[in-house]
Amino acid sequence: MVDVFEEVEEELRSERYRRLFRTWGPWVAGALVLALVAALAWWGWQSWQTSRAETAAAHYDRGMQALSEENIDAADAAFVEAADVGSGGYKALALHQRAGIAVAQERIEAAVALFDEAADASGQPLIADLARLKAAFLLMDTAPLEDIEARLAPIAQEGRPFSPYAREAQGLARIQHGQTAEARPVFALLALGQDVPDVVRQRAQLVQDAIDSGVAASMAEIVRAQAEAPQPDTTATPTQTPDGAAPSAQP
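Structure report, in brief. These numbers were taken from a predicted model, which means no experiment stands behind them. (Residues numbered from 1 in each chain as written. Predicted model: local features only at pLDDT ≥ 70, side-chain atom pairs only at ≥ 80, totals over all residues. Heavy atoms only, no water.)

Some details on the nonpolar core
Inference 1: Among the nonpolar cores identified, the biggest contains 37 residues, and Phe 79, Ala 94, Leu 95, Leu 133, Ile 148, Leu 152 and Ala 166 are the most heavily contacted of them.
Inference 2: Among the elements of the structure, α1 (2-68), α2 (72-85), α3 (89-104), α4 (108-121), α5 (125-139), α6 (145-155) and α7 (163-176) are those that each provide at least two residues to this core.
Inference 3: Formed by 12 residues, the second largest nonpolar core is a distinct cluster that contains Val 186, Phe 187, Ala 191 and Val 207. (Core = buried A, V, L, I, M, F, W, Y, C linked by side-chain atoms within 4.5 Å. Buried < 20%, exposed > 50% of the residue type's maximum accessible area, 1.4 Å probe, protein only. Helix = DSSP H or I, 4+ residues; strand = E, 2+ residues; numbered from the N terminus.)

Below, the structure written as structure tokens:
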């Protein structure tokens with residue numbers, strides 16, 4: 001009898017499993033297929049991202065090599081390709097290099113736009129904040145004080161990688177726009193700050209001394225006079241040498 005009961009129990013278990021499989025089998029199979037597709041898609045995405053990063057790195061290295069050889073056009077073209085292909089770090093670095101080329105060529109507006117783009121492309125404060133700081137310095141002589149301070153305020157916050165330099169820039173911008181009294185507390189805090197690099201602390205003390213002596217008050221007028229001064233005509237052909245004699249026709 002024991003054997004009979006065991007056989008009956010086995011048949012019942014088999015029938016129960018068959019019903020369970022008919023009910024849930026398709027769902028389990030579908031879930032497994034979806035998991036497999038998701039895993040393959042993730043692997044494909046990662047492979048594609050790795051491939052693009054390697055391509056961007058190759059373009060970036062080629063640009064740096066061209067820069068070292070002073071082939072500016074080739075360097076800029078390589079950095080354009082690196083920025084187009086890359087994302088994140090390589091894109092931001094390539095845009096940063098292009099901005100540096102624009103600065104060297106005195107294309108300030110283009111350089112500011114590239115620095116802004118580099119800052120937006122990177123999620124790393126070390127790269128993004130440096131680009132924002134450089135853009136602010138480029139605009140220091142032309143942009144309104146409100147625009148400069150709006151650019152510097154986020155990167156001047158405590159804990160940001162270039163906070164002391166951004167605060168120093170805030171103080172300099174205020175002096176340049178005639179707000180010497182408002183600038184003094186900035187430099188006083190920098191001169192006493194424990195987390196401030198020595199070179200920034202030393203410059204802050206010098207500027208503070210200049211403010212106290214009244215020298216800094218004339219900085220805005222000096223900058224304004226320099227901007228309004230007529231530029232010499234370097235294209236004119238001289239008719240006389242410095243000693244008054246007519247220039248020689250021979251080279």
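The rest of the description comes next.
Overview of the packing of aromatic side chains
Inference 1: Taken as a whole and judged by the stated rule, the model has three aromatic pairs.
Inference 2: Aromatic pair Tyr 60 and Phe 79: ring centres 5.5 Å apart, planes at 55°, arrangement tilted. Of the two residues, Tyr 60 sits in helix α1 while Phe 79 sits in helix α2, which places them 19 residues apart along the sequence. Phe 79 shares its class with Tyr 60; the two are buried.
Inference 3: Chaining the aromatic ring pairs together yields one cluster made of Tyr 60, Phe 79 and Tyr 90. (Phe/Tyr/Trp six-rings, centres within 6.5 Å; stacked < 30°, edge-to-face > 60°.)

A short note on unusual backbone geometry
Inference 1: In the Ramachandran plot, Glu 70 falls in the positive-phi region, its phi being about 60° despite a non-glycine side chain.
Inference 2: Within the secondary structure, Glu 70 is located in the loop between α1 and α2.
Inference 3: Phi is positive for Glu 106, close to 60°, though the residue is something other than glycine.
Inference 4: Position of Glu 106 relative to the elements: it lies in the loop between α3 and α4.

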